[in-house]
Amino acid sequence: MQELKSFLQNEWQSGTDKPATLFDPSTGEAIATASTAGLDLGAALAYARNTGGPALRAMTFAERGELLTNMSKAIHAHRAELLEISTRNAGTTLRDSKFDIDGATGTLAAYGDIGKELGDRTFLLDGEGMQVGRSPRFHGQHIQVPLRGVAIHINAFNFPAWGFAEKLACAFLAGVPVLTKPATSTALPSYRIAEILVESGLCPAGTWSFLCGSVGDLLQHVTAQDVVAFTGSAATARVIRGQERIIAQSVRVNAEADSLNAMVIGPDVEVGSDTWDLFIRELTREMTQKSGQKCTATRRVFLPENLITATVEALKDSLAEVSVGSAHDESVRMGPLSTPGQYPDVRDALKELAVDCEVAIGQVPDGDGAGGVPFEPVVLICRDPKNTPQVHEVEVFGPCVTLMPYSGDPIEGGAMVALSNGCLVATMYSDDLEFTKDLLLELAPWNGRVLMGSKRIADHSTGPGIVMPSLVHGGPGRAGGGLELGGLRGLNLYMQTCAVQGSRPVIEKILG
Ligand code: NAP
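These figures come from a predicted structure and were not determined experimentally.

Draft legend 1. The overall build of the chain, seen in detail. Counting its secondary structure elements, the chain contains 15 helices and 22 strands. For the chain, the C-alpha atoms occupy an extent of roughly 70 × 65 × 40 Å along the three principal directions. Sorting the 512 residues of the chain into buried and exposed places 57% on the buried side. If you sum the accessible surface of the chain, you get close to 20100 Å²; carbon and sulfur atoms cover 51% of it.

Draft legend 2. Geometry of the packing of aromatic side chains. The tally for this structure, following the rule as stated, stands at 11 aromatic pairs. Ring plane angle 50 degrees and centroid distance 5.6 Å describe the contact between Phe279 and Tyr429, whose orientation is recorded as tilted. Highlighted residues: Phe279 in helix α9 (residues 274-288) and Tyr429 in strand β18 (residues 423-429), separated in sequence by 150 residues. Exposure remark for Phe279: the relative accessible area of 0% places this residue in the buried category. Of the aromatic side chains, those joined through ring pairs into one cluster are Phe7, Trp12, Phe164, Tyr191, Trp208 and Phe210. Positioned above the aromatic ring of Phe123 is the side chain of Arg121, whose terminal nitrogen or guanidinium carbon lies 5.0 Å from the ring centre. When the ring centre of Phe159 is taken as reference, the NZ or CZ atom of Lys290 above it lies at 4.4 Å.

Draft legend 3. Quick peek at the packing of helix α2 (residues 61-76) against helix α4 (residues 94-118). Relative orientation of the contacting elements α2 and α4 amounts to 160 degrees, with a least axis distance of 7 Å. The angle between α2 and α4 places the two elements in the roughly antiparallel class. By crossing handedness, the relation of α2 to α4 is classed as left-handed. Counted together, Phe61, Ala62, Gly65, Leu68, Thr69, Met71, Ser72, Ile75 and His76 of α2 and Thr105, Leu108, Ala109, Tyr111, Gly112, Gly115, Lys116 and Leu118 of α4 form the full contact between these two elements. Its residues placed into classes, the contact of α2 with α4 shows 9 nonpolar, 7 polar and 1 charged.

Draft legend 4. Layout of unusual backbone geometry. Notably, Gln9 is not glycine yet its phi reads approximately 50 degrees, a positive angle. In this structure, Gln9 sits in the loop between β2 (6-8) and β3 (11-13). On the basis of relative accessible area, Gln9 is assigned to the partly exposed category, the value being 29%. Even without a glycine there, the phi angle at Lys18 is positive, about 50 degrees. Along the chain, Lys18 turns up in the loop between β3 and β4 (20-24).

Draft legend 5. Summary view of the site of the ligand. Contacts to the ligand come from 27 residues, most closely from Asn155, Thr184, Ser233, Thr236 and Glu395. Lys181 is positioned with one of its side-chain polar atoms (N or O) 3.0 Å from an oxygen atom of the ligand. At 2.7 Å from an oxygen atom of the ligand is found a side-chain nitrogen or oxygen belonging to His473. For the ligand, whose free accessible area comes to 910 Å², the fraction covered by protein is 81%. Those elements that provide at least two residues to the shell around the ligand are β11 (227-231) and α7 (234-241). Taken together, the residues of the shell around the ligand break down into 13 nonpolar, 10 polar and 4 charged. Formed jointly, the shell around the ligand draws a minimum of three residues from each of two domains, domain 1 (2-13 + 21-257 + 482-511) and domain 2 (261-469).

Draft legend 6. Just the environment of Gly28, in detail. Relative to the elements of secondary structure, Gly28 occurs in the loop between β4 and β5 (29-34). Taking C-alpha positions, Gly28 is 53 Å from Leu125, a pair spaced 97 residues apart along the chain.

Calculation criteria
- In this numbering scheme, every chain counts its residues from 1 along its sequence in written order.
- With pLDDT at 70 or above as the cut-off, local features in this predicted model cover only qualifying residues; side-chain atom pairs require 80 or more to be listed or tallied, and sums for whole chains, interfaces and linings still use all residues.
- Excluding hydrogens and water, the side-chain values take into account all heavy atoms of the structure.
- Only DSSP runs of H or I with at least four residues qualify as helices, and only runs of E with at least two residues qualify as strands; both kinds are numbered from the N terminus onward.
- When accessible area is computed with a 1.4 Å probe and restricted to protein chains, residues below 20% of their type maximum are described as buried, those above 50% as exposed, and intermediate ones as partly exposed.
- In short, Shrake-Rupley with a 1.4 Å probe defines the accessible areas, and a residue's cover is counted only from the protein chains shown.
- The rule is short: rings of Phe, Tyr and Trp, with Trp giving its six-membered ring, pair when the centres are within 6.5 Å, and they are stacked under 30 degrees, edge-to-face over 60, tilted in between.
- Lysine and arginine charges are scored as sitting over a ring when NZ or CZ, respectively, is within 6 Å of the ring centre and within 35 degrees of the ring normal.
- Note on geometry: axes are C-alpha line fits, over the in-contact stretch for helices, and angles between N-to-C directions span 0 to 180 degrees.
- Working definition: roughly parallel below 35 degrees, roughly antiparallel above 145 degrees, roughly perpendicular at 65 to 115 degrees, and oblique for all remaining angles.
- Should the near helix be turned anticlockwise from the far one by less than a right angle, the crossing is termed left-handed; should it be turned clockwise, right-handed.
- In what follows, a contact means two residues having at least one pair of non-hydrogen atoms within 4.5 Å.
- Each residue gets one of three labels, nonpolar for Ala, Val, Leu, Ile, Met, Phe, Trp, Tyr, Cys and Pro, charged for Asp, Glu, Lys and Arg, and polar for the others, Gly among them.
- Think of it this way: one heavy atom of a residue within 4 Å of a molecule or strand is enough to make that residue near it.
- Two N or O atoms count as a polar contact when they lie within 3.5 Å, although within protein this holds only if one can serve as hydrogen donor and the other as acceptor, and sequence-adjacent residues are included solely when both atoms are side-chain atoms.
- Segmentation of the chain into domains, including their bounds, is taken from an automatic or database domain assignment.

Okay, structure coming up:
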């Protein structure tokens, strides 16, 4: 069985014992082990800070951008192999594996382009300079400079490639070295990427470290200039934020956590219209892409009561076209859940929801998914969502959605979405401008992103599940309160904003 190592202090290192086992979820076969026991993680962070940090800070934005572009190319050159590894370890069909691998290379390339545009600077000017005294000679200007620590990136199991890339792209471009820790259960694609990057020799020593396996005592060694960017469950985010060392050092923590993302259907939408077809198409995709194991997948749909039956009928037809089975079978559109442990988790969460809901499509399974049994899509109906708190609290991280009635009033629709206390993304479907505007302003405070689905974009929409490097990713409250990507905004997490005061000519001469 393959042993996955960590790349720390510019060399491959093996953990000493207690390895975790990685599986092929389509077959249940054990395929690799990973251990971090005995690794000196304090020394690893110090090496990254002291060796990788200066190397990256000496590079201009254009040079850092070129590095990202070259990393993207190096990974893309191994695309076919990485797609196969993804399918084997993450249980994703070819199409879903492309979503992760191509998402990774695309995001690195996008930030490569931003670096090129920023040119030969090593820090950023933030806004215009301003007079801050009685005379124009006394001047103020904000600048942003890279932090002197390490960006510690702890990722979830569902995007082993994109999760690594979307975080690294922003930190590298800002000028901060990175330590990537993928989720252990699906670490194989990230591990192969690590091998490719090390073999390429692209990253100067210490700029990129890779911890493969349990997090160990890593967070006991953070300092005030380090950043922790975490993606995973709200429960783990709480544990990380609550750590004494993190609190004592005021370490920046960005959390991308669970989210019960929602769709709201306007009362103007007619069955069979272009907007209706877009809604059904996107809901089907959100339920089944990556077997519903996307943080941005839709979990709740609010719609006028008279549309519920038609929605169930339309979903019966669209879901019947999604063949479910082994990710190795090319005719299959939806593979199994990504890890053997996920099946009982998803089943139990679904049971909790189903107590006060009708099961409209599929069934709550009894088994444990042993041997790669896929999780079939399930559609629930909750008739009384205002008095059923669990539909807004329990995240079923699989191919499941709950349909719920609302009056058609945009203020009420927005309030229903907000019952889950913050989401990554909400989607509305309507061609009524007043409804769209009123609902948008209700949704925006509670959602990191709002997709306004309508007939005007029916042929262009990429759906709510796709996160773009140019738009922010992250949401308030339950969704973690984080913010990633969004073009240049993504660099803020890794840079210190400093207000500079002094003589205007001096400031202008020094800062350019
Ligand atoms: P998880 O159990 O919270 O694990 C996430 C990561 O945290 C893994 O790398 C894990 O390492 C690590 N970890 C576990 N305990 C830790 C601790 N005490 N200190 C530091 N790190 C620790 O989440 P998951 O099961 O991998 O992912 C599923 C969840 O992620 C879902 O709830 C989903 O909604 C959420 N998610 C959110 C986003 C987003 O962008 N908002 C994206 C994807 C997924 P090990 O694997 O070694 O245990």
